[in-house]
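# Residue-level structural notes
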Amino acid sequence: MMKLLFLMRKTCTRHFKGELLIMIQIFIAVVLLNTSLIPFVKYWQLHNWIADGVPSNMVYYSAPTFALLDSQNSVDYISQLYADDRIAAICLTYHTIGYINGEKADIYLYSPEVFTTLNSILASGNWAFQEHTVFVNKGVRANLGDAATYKITVHDKLFDLDIECTSAGIINPHDIVYDLKSAGSQPEYSEIGLDYSQLRHLVPSRSQLLAIVPFDIIKHHASCEMIGGTVAKLEEGISPAAFVESFNASNLSGKMFLLSALEENSMKRLIGLYRFDALVCILVFVSALFGIGGYTYLRLDELKKQMGIYIFCGCSFRLYSRLILTLDLICLAIPTVFAYFVRDVLVLSEGYDSFWSFAIACSFVITVAIVPFVLTSHSSRKLSLMQLIYYGD
């Protein structure tokens, strides 16, 4: 072991300046690739939970936004949809600020159709409509304990609730929930779902507590004038594209959209908003990547001769390979750890760092740095001792 450490110190000392340069390049590459990936990874996480949870035969409806802002307006746009016999089900969600066991929390009321039509967003539990039950997030369990029941209190313009609810499941780790609301002329998936982990990063004062309460909104409140958006399931045999075209041509009370339009608008905004930032990050990343790959290849090519000398002096091929691999892993680990602690400093305005974007960035850089070592080691096995000693001469 002492012999290995001695050889590592000698090798590292000999290439210290080069190793320092490569560590700086690795740090830059990881940070910049992570930065450019964050908005797209966060979108993918929301898409994974929300878009995949909405069946393809559904459409998104948005009430006129100007009407919702008019306090004198009393038109119930959502309820008008029930008169359309082409619509099989209408999903309603209602968000409000309430209390769980006396603690301030974000409360969502979900209509029965949400549970029968949309896919589960739970980490565990039975995704089913049952009144006087509640689905809570891990923040509730961490702050209020893993209780069998929770007291839900809501007092606002529409609802006055004070009910004891049985815990029925846990919301997914990202706290991504269905949040149906109205939109402008170019709605995105954020009009269907909301990532509360991202929201809390942007607004640190936001409550860590989140709950979903199965609640028959129409039954307990005849008017839905404060609810501006919904997704509707169409009857069997009804084409979503034909329905949207027909509805928008004959109805001025809001607008229908295909789910594909929401996805297209989301990607357009992301690409349009971050194309310059991401392009700069990627260009600098590629530049650093060439430096990492080129230096690693040239260095390992040089080390073939050193390998022959070490083997001639009694060092085994396996021991020498372990020596170089250990040094490479150290050179990778040091800048990666530094990049991990500063990953939240350089982020685009979409939100905050993501574990997956950082993991992808690290994996890509590590692959580029390690592959030349693997290829060089493999080719070196085919060379004789004399060929290694005189390699490059």
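Relevant structure appears above.
Below you will find a few notes about this structure.

What counts, and where the lines are drawn
Each chain has its residues counted from 1, following the order in which its sequence is written. Only residues with pLDDT of at least 70 get local features here, since the model is predicted, and only at 80 or more are side-chain atom pairs given and counted; chain-wide, interface and lining totals rely on the full set of residues. Think of the side-chain values as coming from all heavy atoms in the structure, minus any hydrogens and water. For the purposes of this entry, the term helix denotes a DSSP run of H or I that reaches at least four residues, the term strand denotes a run of E that reaches at least two, and both are numbered from the N terminus. To sort residues, take the accessible area from a 1.4 Å probe on protein chains only and compare it with the maximum for the residue type: under 20% means buried, over 50% means exposed, and anything in between is partly exposed. Residue-level accessible areas treat just the shown protein chains as cover; the underlying method is Shrake-Rupley with a 1.4 Å probe. At least two bridges found by DSSP between two strands are what make those strands a pair. Fitted lines through C-alpha atoms serve as axes, helices being fitted only where they are in contact, and the angles separating the N-to-C directions of these axes extend from 0 to 180 degrees. For this analysis, residues touch if any pair of their heavy atoms sits within 4.5 Å. In this description, one arc is meant: the one made by directions from the helix axis to the C-beta atoms. For this analysis, a nonpolar core means a set of buried residues of the types Ala, Val, Leu, Ile, Met, Phe, Trp, Tyr and Cys, connected via side-chain atoms within 4.5 Å. Classification of ring pairs rests on two measures: the distance between centres of Phe, Tyr or Trp rings, Trp counted by its six-membered ring, which must be within 6.5 Å, and the angle between planes, read as stacked under 30 degrees, edge-to-face over 60 and tilted in between. Whenever Lys or Arg places a side-chain nitrogen within 4 Å of a carboxyl oxygen from Asp or Glu, that contact is recorded as a salt bridge. Like-charged residues are merged into a patch within 9 Å and nonpolar side chains (Val, Leu, Ile, Met, Phe, Trp, Tyr) within 5 Å, provided each residue has over 30% relative accessible area and no salt bridge. Polar contacts, as counted here, are pairs of nitrogen or oxygen atoms within 3.5 Å of one another; within protein the pair requires one atom able to donate a hydrogen and one able to accept it, and residues that are adjacent in sequence qualify only if both atoms are side-chain atoms.

### What to know about the overall build of the protein
From N to C terminus, the protein includes 13 helices and 13 strands. Residues classed as buried in the protein amount to 48% of the 393 residues present. A total of about 19500 Å² of accessible surface is found on the protein, and carbon and sulfur atoms cover 61% of it.

### A short note on the sheet that holds strand β13 (residues 255-258)
Across the sheet, which stays open at both edges, the 4 strands sit in the order β2-β12-β1-β13 with antiparallel pairing between neighbours. The strands lining the two open edges of the sheet, one partner per strand, are β2 (87-91) and β13. The mean inter-strand angle of the sheet, taken between neighbouring strand axes irrespective of direction, is 30°. Two strands pair when backbone bridges link them, and β2 and strand β12 (residues 229-234) are joined in this way by 4 bridges, in the antiparallel orientation. Bridge pairing in β12 links isoleucine 87 to leucine 234. Taken strand by strand, helix α9 (residues 240-250) contacts β1 (58-62), β2, β12 and β13, and its axis lies near 160° from that of β13.

### Quick look at α9
Listed in full, the buried residues belonging to α9 are Phe243, Val244 and Phe247. For α9, the angular spread of buried residues about the axis comes to 95°, placing them on one side. Opposite the packed face of α9, turned more than 90 degrees from it, sit the exposed residues Glu245, Ala249 and Ser250. On its buried side, α9 packs onto β1, β2, β12 and β13.

### Looking at the nonpolar core
Counting residues in each nonpolar core, the largest one holds 37 residues, and the members touching the most others are Ile100, Ile107, Leu109, Ile152, Phe159 and Met256. Among the elements that take part in this core, strand β8 (residues 160-171) stands out by supplying 4 residues, more than any other.

### Considerations on the packing of aromatic side chains
The full count for this structure, using the stated rule, is 15 aromatic pairs. Taken together, a centroid distance of 6.5 Å and an interplanar angle of 50° make the contact between tyrosine 110 and tyrosine 178 tilted. In this pair, tyrosine 110 sits in strand β4 (residues 103-110) while tyrosine 178 sits in strand β9 (residues 176-178), placing the two residues 68 residues apart along the sequence. Comparing tyrosine 110 with tyrosine 178, the two get one shared label, buried. Each residue in the set Tyr108, Tyr110, Phe115, Trp127, Phe129, Phe135, Tyr178 and Tyr196 is aromatic and connected to the rest through ring pairs, giving one cluster.

### Thoughts on the pattern of salt bridges
Across all of its chains, the model carries 7 salt bridges by this definition. A salt bridge links arginine 141 to aspartate 146; the shortest N-O distance between them is 2.7 Å.

### A few points about the environment of leucine 81
With respect to the helices, strands and loops of the structure, leucine 81 is situated in the loop between α4 (77-80) and β2. Its relative accessible area of 4% is what places leucine 81 among the buried residues. Each C-alpha atom, one on leucine 81 and one on alanine 232, is 8.8 Å from the other, the two residues being 151 residues apart in sequence.

### Some details on a nonpolar patch on the surface
Taken together, the side chains of Leu20, Ile24, Ile28, Phe276, Val280 and Val284 present a nonpolar region at the surface, about 510 Å² in accessible area. Among the elements of the structure, α2 (16-49) and α10 (259-312) are those that each provide at least two residues to the nonpolar patch.

### Remarks on the environment of leucine 234
As for its position among the elements, leucine 234 is in strand β12. Considering only alpha carbons, one finds leucine 234 and methionine 58, 176 residues apart in sequence, at a separation of 6.0 Å. In contact with leucine 234, not counting residues within four places along its chain, are Asn57, Val59, Arg86, Ile87, Ala88, Ser239, Pro240 and Phe243.

### Some thoughts on the side chain of serine 62
Following the sequence through the fold, serine 62 ends up in strand β1. Judged by its relative accessible area of 4%, serine 62 is buried. Ignoring anything within four residues of it in the chain, the contact list for serine 62 reads Ser182, Ala183, Gly228, Gly254, Lys255 and Phe257.

### Thoughts on the pairing of β4
By the criterion of burial, β4 is predominantly enclosed, with 6 of the 8 residues buried. Strand direction decides the pairing type here: strand β3 (residues 93-100) and β4, joined by 8 bridges, are antiparallel. Following the sheet pairing, isoleucine 97 is matched in β4 by aspartate 106. Linking β3 back to β4 in an antiparallel pair, the connection comprises 2 residues, with asparagine 101 at a positive phi of about 50°. Sheet topology note: the β4/strand β11 (residues 210-214) ladder contains 5 bridges and is parallel. Within β11, the residue paired with aspartate 106 across the bridge is leucine 210.

### Section: unusual backbone geometry
The general pattern is negative phi for most residues beyond glycine and trans for most peptide bonds. The backbone of asparagine 101 sits at a positive phi, close to 50°, despite the residue not being glycine. Mapped onto the elements, asparagine 101 comes out in the loop between β3 and β4. Taking relative accessible area as the criterion, asparagine 101 reaches 36% and is therefore assigned partly exposed. Of note in this structure, histidine 132 is not a glycine but carries a positive phi near 65°.

### What to know about the side chain of threonine 230
Within the secondary structure, threonine 230 is located in strand β12. Looking at threonine 230, its side chain comes within polar contact range of the main-chain oxygen of cysteine 91, at 2.3 Å. The contact partners of threonine 230, leaving out residues within four places of it in the chain, are Val59, Tyr60, Tyr61, Ile78, Leu81, Ile90, Cys91, Leu92 and Leu180.

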